Amino acid sequence: MPHLTERGITLSSSQVHRLVSGTPERLSLPVLATLCDILDCTPTDLITTSAQNLPARRAADGEAPINLAARRPTRVRLTPEG
């Protein structure tokens, strides 16, 4: 906690305990930057990510996947009247 306070971050002891003892649900960017400064590391050293390939979303009737690109509005192009 003193290292955080030196850098202008004030957290309660319970907040620090949750950061240290488990995986926090959310973390502000100033706190993340301060932790990286204290630990002399980068955010990628502290945060693990995982990506999953999700199956295509199916229509309610279960027949074909929904084409999300077809549901996007098209950009309007304004041209001067001539």
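Residues numbered from 1 in each chain as written. Predicted model: local features only at pLDDT ≥ 70, side-chain atom pairs only at ≥ 80, totals over all residues. Heavy atoms only, no water.

On to the overall build of the chain, then. Within the chain, the regular secondary structure consists of five helices and zero strands. When the helices and strands of the chain are read in sequence order from the N terminus, they spell out α-α-α-α-α. Looking at the chain as a whole, 11% of its 82 residues are labelled buried. Within the chain, counting contacts between residues at least 6 apart in sequence, those at least 24 apart form 22% of the total. (Helix = DSSP H or I, 4+ residues; strand = E, 2+ residues; numbered from the N terminus. Buried < 20%, exposed > 50% of the residue type's maximum accessible area, 1.4 Å probe, protein only. Contact = heavy atoms within 4.5 Å.)

It is worth spelling out unusual backbone geometry at this point. With phi around 55°, D40 is a residue other than glycine that occupies positive phi space. Within the secondary structure, D40 is located in the loop between α3 (29–39) and α4 (43–46). Judged by relative accessible area, which is 72%, D40 ranks as exposed.

A separate point is the nonpolar core. L4, I9, L11, V16 and V31 form the largest nonpolar core, which has five residues in total. Contacts of L4, omitting those with residues within four sequence positions, involve I9, L11, V16, T34, L35 and I38. (Core = buried A, V, L, I, M, F, W, Y, C linked by side-chain atoms within 4.5 Å.)

For the rest of this paragraph, the subject is α3. Of the positions making up α3, those classed as buried are V31, L32, T34 and C36. Check the buried side of α3 and you find it contacts α1 (2–6), α2 (13–21) and α4. Immediately beyond the C-terminal end of α3, within one or two residues, lies D40, with a positive phi of roughly 55°.

A few words now on the environment of L11. One can find L11 in the loop between α1 and α2. Note: C-alpha distance between L11 and V31 (20 residues apart in sequence) is 9.3 Å. Apart from the residues within four sequence positions on either side, L11 is in contact with M1, L4, V16, L19 and V31.

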